[in-house]
Amino acid sequence: MIFDTHAHYTSRRFDGHRDEVLDSLPAQGVCGVVECGVDLATSRAALALAETRPWVWAAAGVHPESLIEDDASTVYEFHGDWRAELAAIEPLYGDPRVVAVGECGLDHHWPVPEDAQLALFEAELAAAQEHSLPILVHDREAHAETYALLKRYRPRGILHAFSGSADDALWIARQGMLLGFGGALTFKNARRAVEAVAALSLENIVLETDCPYMAPEPFRGKECHSGMIRFTAQKVADIKQVPLEEVLRITEQNARALLGV
Ligand SMILES: [Zn+2]
């Protein structure tokens, strides 16, 4: 069965056909989805979505990009005061359907202020520790700083959309984190991700979409949904020379054990 550890079905891209997409997933073999908030508004929406379907769980947190996104509640409601926003998110961590802190992390691809995003990520690492929750980490072009904080806090969690080297992957697995791979693994230029999967044990890997983005081949560029994970899983199966069903079974087990679902 397919377990999607990282989705954004509350994205406006799904307006008008969200229920249709979600209701089509169980028949495609999807047994679990973690819907990731990126600010207070989407964290609340993720929890609301999780309350509608027993196989959807929510993660609540503030994404570094939300610090500079006009349509993030971090900006339009909290005017950059992420401490106040985290305080408003805090009560969500007591809800049994909120199974992780995130999506959070570091991003040097977009012009996000350095000090603010570091302090925000550290506050979310501390929140994960305090609530004994796993953390869902975004690391875009910020490997060194991300790894330094993982070393300091030693969280349980997932490094999502992993884009580092095989050596980095093995180090992160030794820190006790899982590595998330999505549609990008199937792209022609995915040499590093393929090397990372080859180096890792299946026990350290989980699958994800990041939908509506990052559809795997042969759907690259199209709207993505959790059913497409089958193609990412097939790529992992090809790299590891094991049956597809084994990849789906072990990655589902890994996700369930981490998230406690
Ligand atoms: Zn995401």
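Here, the structure is the one placed above.
Described below are features of the structure shown in this document. (Residues numbered from 1 in each chain as written. Predicted model: local features only at pLDDT ≥ 70, side-chain atom pairs only at ≥ 80, totals over all residues. Heavy atoms only, no water.)

### Structural notes on the environment of Arg152
Structurally, Arg152 can be placed in helix α6 (residues 143-153). Residue Arg152 is classed as exposed on the basis of its relative accessible area, which comes to 59%. In this structure, the C-alpha to C-alpha distance between Arg152 and Glu122, residues 30 residues apart in sequence, is 10.0 Å. Within the local environment of Arg152, its side chain forms a polar contact with the side chain of Glu122, the two groups lying 3.1 Å apart. (Helix = DSSP H or I, 4+ residues; strand = E, 2+ residues; numbered from the N terminus. Buried < 20%, exposed > 50% of the residue type's maximum accessible area, 1.4 Å probe, protein only. Polar contact = N/O pair within 3.5 Å; in protein donor to acceptor, adjacent residues only side chain to side chain.)

### Describing the nonpolar core
As a rule of thumb, soluble globular proteins bury nonpolar side chains together. Residues Tyr9, Phe162 and Phe181 are the most contacted members of the largest nonpolar core, which totals 73 residues. Not counting residues within four places of it along the chain, the set of residues in contact with Phe162 comprises Tyr147, Asp168, Ala169, Ile172, Leu179, Gly180, Phe181 and Ala196. Core analysis: the second largest hydrophobic core is formed by 15 residues, Phe3, Trp57, Ala100 and Ile158 among them. (Core = buried A, V, L, I, M, F, W, Y, C linked by side-chain atoms within 4.5 Å. Contact = heavy atoms within 4.5 Å.)

### Notes on the sheet that holds strand β4 (residues 98-107)
Taken in spatial order, the eight strands make up an open sheet running β1-β2-β3-β4-β5-β6-β7-β8, and their pairing is parallel. Because the sheet does not close on itself, it has two edges, and the strands there are β1 (2-7) and β8 (205-207). Strand after strand, the sheet turns through a mean of 25° between neighbouring axes, direction not considered. Pairing analysis gives three bridges linking strand β6 (residues 157-160) to strand β7 (residues 177-181), with the strands arranged parallel. Across the sheet, residue Ile158 finds its bridge partner in β7, namely Leu178. In the packing of helix α2 (residues 40-50) onto the sheet, contacts are made with β2 (30-36), β3 (56-60) and β4, and the angle to β3 comes to roughly 165°. Contacting β6 and β7, helix α7 (residues 166-174) crosses the sheet at an angle of about 135° to β7. (Pairing = 2+ DSSP bridges. Axes fitted to C-alpha atoms, helices over the stretch in contact; angles between N-to-C directions.)

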